[in-house]
Amino acid sequence: MNTSGQVGADVPKVKLTKENFQRGLRIFRFVLPYKAPFIAGLLLLLFSSVSTMVMPKLLGYLVNVANHQVHTLPAYLPKTITGIALVLFGVVLLQGIFSFFRIFFFSRVSEFTVRDIRRTLYQKLVTLPIPFFEQRRVGEITSRLTSDVANIQDTFTLTLAEFMRQILTLLAGVAFIMWESWRLSLFMLATFPPLVLLAFLFGRSIRKLSKQTQDELAKTNVIVEETMQGINSVKAFTSEQHEVSRYGAGLNRTVQSALKASVFRGGFVSFIIVAIFGGIFLVLWRGASYVELPASDPRHLPMGDLVSFILYTMFIGASVAGLGEMYGKIQSSLGASERILEILDETSEPVHQPLAADTQPLRVHGDIEYQNVQFRYPTRPDLTVLKDISFHIEAGEKVALVGPSGAGKSTIVQLLMLLYPLSGGHIRVDGRDINDLDLTELRQHIGIVPQETLLFGGTIRENILYGRPGAPEADIIDAARRANAWQFIQSFPEGLDTVVGERGIKLSGGQRQRIAIARAILKNPAILLLDEATSALDSESEKLVQQAMDELMQNRTSIIIAHRLSTIRKVDKILVIDGGRIVEQGSHEELSHDDNGLYANLLKLQFELT
Ligand SMILES: Nc1ncnc2c1ncn2[C@@H]1O[C@H](COP(=O)(O)OP(=O)(O)OP(=O)(O)O)[C@@H](O)[C@H]1O
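Residues numbered from 1 in each chain as written. Predicted model: local features only at pLDDT ≥ 70, side-chain atom pairs only at ≥ 80, totals over all residues. Heavy atoms only, no water.

A word on the nonpolar core. Judged by nonpolar contacts, the single largest core of 44 residues is most densely connected at I464, I489, I517 and I574. Here I489 is in contact with I460, I464, A480, G495, L496 and I515, once residues within four sequence places are set aside. Listed in part, the 40 residues of the second largest apolar core include V351, L415, L422 and I427. (Core = buried A, V, L, I, M, F, W, Y, C linked by side-chain atoms within 4.5 Å. Buried < 20%, exposed > 50% of the residue type's maximum accessible area, 1.4 Å probe, protein only. Contact = heavy atoms within 4.5 Å.)

So, in C-alpha cells, the structure goes:
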C-alpha cells in the first residue's frame, strides 16, 4: 500500500471465520438478481482455468516431439511439432475468448450489484432517524457509500471466483505433477512449506505497517475535510499557516510509516525472487539429473515432462502467492460488507408506509397540544432539555416561543415532527397522539422555515418545488409572488432556472429565506413552524421577509421561534421558555406589564440593543 489513498483505506480486516464469512455473504443477496450472468462467468472461469492447465502439458509434448520421444504422446494428438503448435494456438485462442466473456459477465454482475447496494444503502440512510446522523460524521457515512461499496465491488464477483480458480489450479497442478513424476513432486513439495511460512510472516508485518500508513493518511484527510468545511473560520482566525503545518505534520507521519512499510515490501519482493528462482533451480537441478538417467532406469524423466513439470510448479507457486493476496482482499471486503450490513440492519423511521386501501388520507386542522413533554437528546442522555412542557394551540392560532438562547425553543418545535422520540409526556395533533399517526403524513402537513435556509444545488424552481414536487408552473410563480421573491427572481436573466447553491449564484440571507417561504407556501401545510433568523437583515429586506411571513401564516396554526419584537406583537399567545419549562404565557400586552417577568426583561434588553 502506498500513500495515494486507495479505496477502502479505512476498512478494517476481519478474521476469516465461518461466522464472519457467512455474515459477510449476506451481501450476496444483492448478486442474486444477476445469477444468470454470474453463473455464466463462473463457467467461463472454469473453462479458462482448464485451458490454462492444459498448456504446460502441451508444451512438454512439444519438447518431447522435438526430442523424438513421440511415444510419450497420447494417440489423439498430432505427432508433429507444427501439429502440436497449432493445437497450442487453438487453446490460447479459446482461452482469450473465455477471458473476454468472463470479464464481460462478471463486470455486468459487479456493476449492477454495486448500483443496487448503493441505492439500497442510500434509501436506508435517508430514512434513518436523526440521532443516527448525530452520532456519526458525514465523512464516515459517505465513505460507507463510496469506499466500502467500492471495496466489495470486485470481491464478490471477481476475487471470490478468482480465489476458487486459484484453489482449483493448485489442486490440479499438484495432481498433474504427481502424475508426471511423483519422486520429483515430493522433492518439490518438501521445499514448499518453509517458503510459504516465511512469506506468510512477511506478509503479516507488511499488512500491519500498511494499516498504520492508511490510518495516518485517514487522519490527514480529516484535517483537510474539517478545514474545507470551516474555511471561513480558518480565514477569520488567520490560521492558514497553522492548518498547513498541521497537515504537513500529518503528511510526514504518513510518509514515515509508508517508508517503513516499503522496506519490508522491498525485502518481501527480493525474498520472493530468491525463493522462486531458488526453488525452480533446485527442482531443475534434481529434475535434470533424472533426465540424464538412461531410459531403462525407472527414475528416468523425458525432457518434455521436466518442462511441463517446471511450468506446473510455477503455476502452483503463483496460485499460492495469489491466494495470500486474495485472502487479504476477501478479509477487508468482509469488513466493508459488515459495515454496510450494519447500516442496512438499522431501524428506519416508519416513513412512507403505504396506506391501507380503505384508510382515508390524514386530514389535519392544526390543533396542537403538548402535555407534560419531557425530552433528552439521545446523544446527551444526562441533560434534560425539556423538563415539563404543556400548552395548547387551537387550529389557526399563532403562538410565539421566546426565551434565552439554549432554553429549548427549537427542541420543542422539532419534537412536533417526531425527529426524536419523546422522553415523557404526549404531543397531540387534532387530539391524536403523534406517535399513532403515520410519520410521512404528519410531516406532510407541517411546513418549516428554518433559521438558516439551506438551498439544494439546483435551480430556484427545483428549490421551490421541493415544497410540492410536480406542482404546476403557475403555482410556483404564485408562491414566489406571495413570498415576495418573484421580484428578485425575475431580475435574474434565467429567472426560475437560475442555479443556486454551491455551484450557482449565492443568494442573500433574506432572499434565501423568501425562497424557503415560497417553498412552504407551495406546500400549503396546516401547521407552520417558523424559526426566525437571528442574524439581522437590513430593514428593506426585513420588511419583505416579514410581509412574506405574514402571508404564509394566514389561516394556519403557526409556531414562531421569535427573536424580534415586530413578530411578537401580532401573535395570539406568547410562551416564554426558560430552562426547559414554560415560565410565563400570555399576550404581549399582559406579559410586558409584568416588570419582574422574564419577557419584560427580554424586551427591555432587546430595546436597549436596538
Ligand atoms: N442535536 C442536539 N443534541 C444534543 N443536544 C442538543 C441538540 N440540539 C440542542 N441541544 C441542546 O439542547 C438545549 C436546547 O437547545 P435548543 O436549540 O432547543 O435551544 P433554543 O432555545 O432554540 O436556543 P437558540 O435560541 O439559541 O436557538 C441546549 O442546551 C442545546 O445545547
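What follows picks up the thread again.
This next bit is on the packing of helix α3 (residues 81-126) against helix α9 (residues 303-344). Between α3 and α9, whose axes approach to 9 Å, the crossing angle comes to 40 degrees. Judged by the inter-axis angle, α3 sits oblique to α9. In this structure, α3 crosses over α9, and the sense of that crossing is left-handed. Of the residues in α9, those in contact with I117, T120, L121, K124 and L125 of α3 are I340, I343 and L344. Residues of the contact of α3 with α9, tallied by class, amount to 6 nonpolar, 1 polar and 1 charged. (Axes fitted to C-alpha atoms, helices over the stretch in contact; angles between N-to-C directions. Helix = DSSP H or I, 4+ residues; strand = E, 2+ residues; numbered from the N terminus. Parallel < 35°, antiparallel > 145°, perpendicular 65-115°, else oblique. Left-handed = near helix turned anticlockwise from the far one by under 90°. Nonpolar A, V, L, I, M, F, W, Y, C, P; charged D, E, K, R; others polar.)

For the rest of this paragraph, the subject is helix α2 (residues 35-66). Along its 32 residues, α2 runs 47 Å from first to last C-alpha, staying within 8% of the 46 Å computed at 1.5 Å per residue. The first or second residue beyond α2 is H68, which carries a positive phi of 60 degrees. (Expected span 1.5 Å × (residues − 1).)

Once that is clear, we can look at the domain arrangement of the chain. Under the domain assignment, the chain is made up of domain 1 (13-180 + 329-348) and domain 2 (182-300). Between the C-alpha centres of domain 1 and domain 2 the distance comes to 23 Å. In this assembly, 8 residues from domain 1 lie in contact with 10 residues from domain 2. Taking both sides of the interface into account, the surface hidden between domain 1 and domain 2 amounts to around 680 Å²; carbon and sulfur atoms contribute 55%. Viewed at the interface, domain 2 and domain 1 are joined by 2 salt bridges. The shortest N-O distance in the salt bridge between E226 and R137 comes to 4.0 Å. At the surface where domain 1 touches domain 2, the tally comes to 3 residue pairs in polar contact (both at pLDDT 80 or more). Grouping the amino acids of the side of domain 1 that touches domain 2 by side-chain chemistry returns 3 nonpolar, 2 polar and 3 charged. (Domains from an automatic or database assignment. Buried area = accessible area lost by both parts, 1.4 Å probe. Salt bridge = Lys/Arg side-chain N within 4 Å of Asp/Glu carboxyl O. Polar contact = N/O pair within 3.5 Å; in protein donor to acceptor, adjacent residues only side chain to side chain.)

What follows covers the site of the ligand. In the region of the ligand, 15 residues are neighbours, and E134, S405, G406, S410 and T411 sit closest. Separating a nitrogen atom of the ligand from a side-chain N or O atom of T379 is a distance of 3.5 Å. At a separation of 2.4 Å, an oxygen atom of the ligand approaches a polar side-chain atom of T411. By residue number, the principal contributor to the shell around the ligand is helix α10 (residues 409-416), which donates 3 residues. Considering only residue class, the shell around the ligand consists of 5 nonpolar, 7 polar and 3 charged. (Near = heavy atom within 4 Å.)

So, on to the environment of G458. Tracing the backbone shows G458 in strand β7 (residues 458-459). What makes G458 buried here is its relative accessible area of 12%. With residues up to four places along the chain from it excluded, the contact list for G458 reads N463, T498, V499 and V500.

If you walk through the whole model with that rule in mind, you get 22 aromatic pairs. Measuring from ring centre to ring centre gives 5.7 Å for F28 and F38, while their planes differ by 70 degrees; the resulting arrangement is edge-to-face. You can see F28 sitting in the loop between α1 (18-24) and α2 and its partner F38 sitting in helix α2, a full 10 residues away along the chain. Of the two residues, F28 and F38, both sit in the buried class. Note on F132 and F133: the rings are 5.2 Å apart at their centroids and 80 degrees apart in plane angle, and the pair reads as edge-to-face. Among the residues examined, F132 registers a relative accessible area of 4% and is labelled buried. Here the aromatic residues F100, F101, F104 and F105 are joined through ring pairs into a cluster of three or more. (Phe/Tyr/Trp six-rings, centres within 6.5 Å; stacked < 30°, edge-to-face > 60°.)

This part takes up the confidence of the model for the chain. In this model, the chain carries an average pLDDT of 85, and 93% of its residues clear a pLDDT of 70 or more. When pLDDT is averaged over each element of the chain, strand β1 (residues 368-376) comes out on top at 93 and helix α17 (residues 565-570) at the bottom at 73. When the criterion is pLDDT under 50, residues 1-10 qualifies, and its contacts beyond four places in sequence or with other chains add up to 19 contacts. (pLDDT = per-residue confidence, 0-100.)

On the surface, I39, L43, L46, F47, V50, V54 and L168 cluster together to form a nonpolar patch covering roughly 560 Å² of accessible area. The leading source of residues in the nonpolar patch is α2, at 6 residues. Residue placement: V50 occurs in helix α2. By relative accessible area, V50 is classed as partly exposed at 47%. (Patch = residues over 30% accessible without salt bridge, like charges linked within 9 Å, V, L, I, M, F, W, Y side chains within 5 Å. Areas by Shrake-Rupley, 256 points an atom, 1.4 Å probe, with all protein chains shown as cover.)

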